[in-house]
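Residue-level structural notes
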Amino acid sequence: MIYFDNSATTKALPAVLDTYRTVSEDFYGNPSSLHAVGGKADAMLQGARKQIASLMQAKPDEIYFTSCGTEGDNWVIKGTAFEKRQFGRHLITTAIEHPAVINTMHQLEQLGFEVTYLPVDHRGFIDPNDLKNALRDDTILVSVMAVNNEVGAKQPLDEIAAILADHPNVHFHVDAVQGIGKGLMATLRNPRIDFITFSGHKFHAPRGTGFVYMKEGRHIAPLLAGGGQEDNQRSGTENTPAIAAMAKALRLLLTDEDQKVAHEQAIRRRIYEHVAKFPNVVMFSQLTPDFAPHILCFALPGVRGETIVHAFEQHDIYISTTSACSSKKGTESSTLAAMHVPSQIATSAIRVSLDDQNTLAEADAFNAAFDQVYAGFAKLFATPQQ
Ligand code: PLP
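Let me sum up the structure you'll find in this document.

Rules used throughout
- Residues numbered from 1 in each chain as written.
- Predicted model: local features only at pLDDT ≥ 70, side-chain atom pairs only at ≥ 80, totals over all residues.
- Heavy atoms only, no water.
- Salt bridge = Lys/Arg side-chain N within 4 Å of Asp/Glu carboxyl O.
- Helix = DSSP H or I, 4+ residues; strand = E, 2+ residues; numbered from the N terminus.
- Axes fitted to C-alpha atoms, helices over the stretch in contact; angles between N-to-C directions.
- Parallel < 35°, antiparallel > 145°, perpendicular 65-115°, else oblique.
- Left-handed = near helix turned anticlockwise from the far one by under 90°.
- Contact = heavy atoms within 4.5 Å.
- Nonpolar A, V, L, I, M, F, W, Y, C, P; charged D, E, K, R; others polar.
- Pairing = 2+ DSSP bridges.
- Buried < 20%, exposed > 50% of the residue type's maximum accessible area, 1.4 Å probe, protein only.
- Polar contact = N/O pair within 3.5 Å; in protein donor to acceptor, adjacent residues only side chain to side chain.
- Phe/Tyr/Trp six-rings, centres within 6.5 Å; stacked < 30°, edge-to-face > 60°.
- Arc of directions from axis to C-beta.

Following the criterion strictly, the structure yields 15 salt bridges and no others. Between E273 and R269 there is a salt bridge, with its nearest N and O atoms 3.0 Å apart. One end of the pair, E273, and the other, R269, are both in helix α9 (residues 257-275), four residues apart, so they sit about a helical turn from each other. Connected through salt bridges with shared partners, the residues R192, D194, K215 and R218 form a single ionic network.

And the structure:
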């Protein structure tokens, strides 16, 4: 079995599950309880917070635990809108964000907020000048993803941060759900970034985990009101075992990060160089350094993406159409549409997404399967070029 759908989710590591089990058994108290059992769980929780903060070079009270990337995105965006609405009602994002951002923006539009969606070029990148021109006196938030989940384009966060240096009141949010562990740490530590969203299940932690980095001094409204956990910012009894397991997964992910990135790049290159040789392949991801190491998106025009996914499944190889969210709905990729890829090509797109657990031997097996899949579809190709 070859699992190449790591941008949809990753398999929890055995060492991470060991932590989950141990903490479930030995630290089961409610961290808010006054007695010793609760105190022990609270110490575990704060230990996990400290560990994550130190890995991010942040302060422990800048780390807030959530349930997933979607929650983090919703919280930062709506929390900013609700907190700052008397100062302005304009937000800026990009046309290629994950639905967790785009649909949150749509909800705010229904409440009377105004949103600018920055366009992207044919490679999937925003132009920082467009951002500069979009900023207004009433802009309260700029939200830009670190790595696009469909094609892997790394957005120019440092350039955006430089522009926002002149706009200190504007909240700068980065969705780094696809960016963690992918060689972007120096950028994610840019001091102009105010909020970053992370999701545990994308880096071998259990489902139902995530965290938000919120820079000291920034304030947003909580979405979950209740017992006042997470410094009154996110109520709900903390998922201590999963949080401890996430802290461990993050430590493991960031250990030898450079080697892992180089390994993923080598696997991606091997697939890219093989697949790109075929005349009917349209590549969207590129091997240049402005693309993340783990995502490879391409199309076989004339064959629907889901048909290609199932053809690989026959070889026990698991990939996806452009994103897990759009694949079951059968909807077209919003990123490819924003890149002005014609609909009949975009519906033929597939995404191969890697992580450091994958191997070059798996890339070779994928390439061998690709030859058969390609040959099987040859008569369907819309625009044969030979
Ligand atoms: N943001 C991006 C860029 C993503 O790729 C995803 C998930 O694929 C999310 C947000 C949502 O994360 P979660 O699945 O943890 O809610």
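Looking now at the packing of helix α10 (residues 305-313) against helix α14 (residues 360-377). Interaxial distance between α10 and α14 falls to 10 Å at its minimum, and their mutual angle equals 125°. One way to sum up the angle between α10 and α14 is to call them oblique. Remark: the crossing between α10 and α14 carries right-handed chirality. Residues T307, I308, A311 and F312 of α10 form the contact with α14, whose participating residues are F366, A369, F370, V373 and F377. When grouped by side-chain class, the residues that make up the contact of α10 with α14 number eight nonpolar, one polar and no charged.

The three strands are arranged β9-β10-β12 in an open sheet whose pairing can be described as antiparallel. Each edge of the open sheet is held by one strand with a lone partner, namely β9 (282-283) and β12 (349-353). With five bridges joining them, strand β10 (residues 295-299) and β12 adopt antiparallel strand pairing. The residue bridging C297 from the neighbouring strand is R351, located in β12.

Among the structural elements, H201 can be located in the loop between β7 (195-199) and β8 (210-214). With relative accessibility at 15%, the residue H201 sits in the buried group. Polar contacts involving the side chain of H201 include one to the side chain of T9, which spans 2.6 Å. In this structure, H201 is in contact with A8, T9, T10, P206, R207 and T209, ignoring residues within four places of it in sequence.

So, about the packing of aromatic side chains. Here a ring pair, both rings aromatic, is described through the centre-centre distance and the interplanar angle of the planes. A complete count under the given rule lists nine aromatic pairs for this structure. When the ring of F125 is compared with that of F291, the centres are 5.3 Å apart and the planes differ by 85°; the resulting orientation is edge-to-face. Of this pair, F125 sits in the loop between β4 (114-118) and α5 (128-134) while F291 is found in the loop between β9 and β10, placing the two residues 166 residues apart along the sequence. The class of F291 is buried, set by a relative accessible area of 2%. Summarising the aromatic geometry, the rings of F370 and Y374 are spaced 5.7 Å apart at their centres and angled 35° between planes, so their arrangement reads as tilted.

Turning our eyes to something else, we now look at helix α6 (residues 157-164). For α6, the set of buried residues is L157, I160, A161, I163 and L164. Buried residues in α6, looked at end-on, bunch into an arc of 160°, giving them a common side. Each element contacted by the buried residues of α6 is listed here: α5, β5 (139-145), β6 (171-175) and α7 (185-188).

Turning our eyes to something else, we now look at the environment of F125. F125 sits in the buried class, given a relative accessible area of 9%. Each C-alpha atom of the pair F125 and T94 lies 9.4 Å from the other, and the pair is 31 residues apart in sequence. Not counting chain neighbours up to four residues away, the residues in contact with F125 comprise P119, V120, A153, K154, Q155, D290 and F291.

The packing of two helices is summarised by the inter-axis angle and the distance between the axes. At a closest axis distance of 8 Å, the pairing of helix α1 (residues 14-26) and helix α8 (residues 240-254) adopts a crossing angle of 150°. Here α1 is positioned roughly antiparallel relative to α8, judged by the angle of their axes. The handedness of the crossing between α1 and α8 is right-handed. In this structure, α1 contributes A15, V16, T19, Y20, V23 and S24 to the contact, and α8 contributes T240, P241, A242, A244, A245, K248, A249 and L252. Here the contact of α1 with α8 is composed, by residue class, of ten nonpolar, three polar and one charged.

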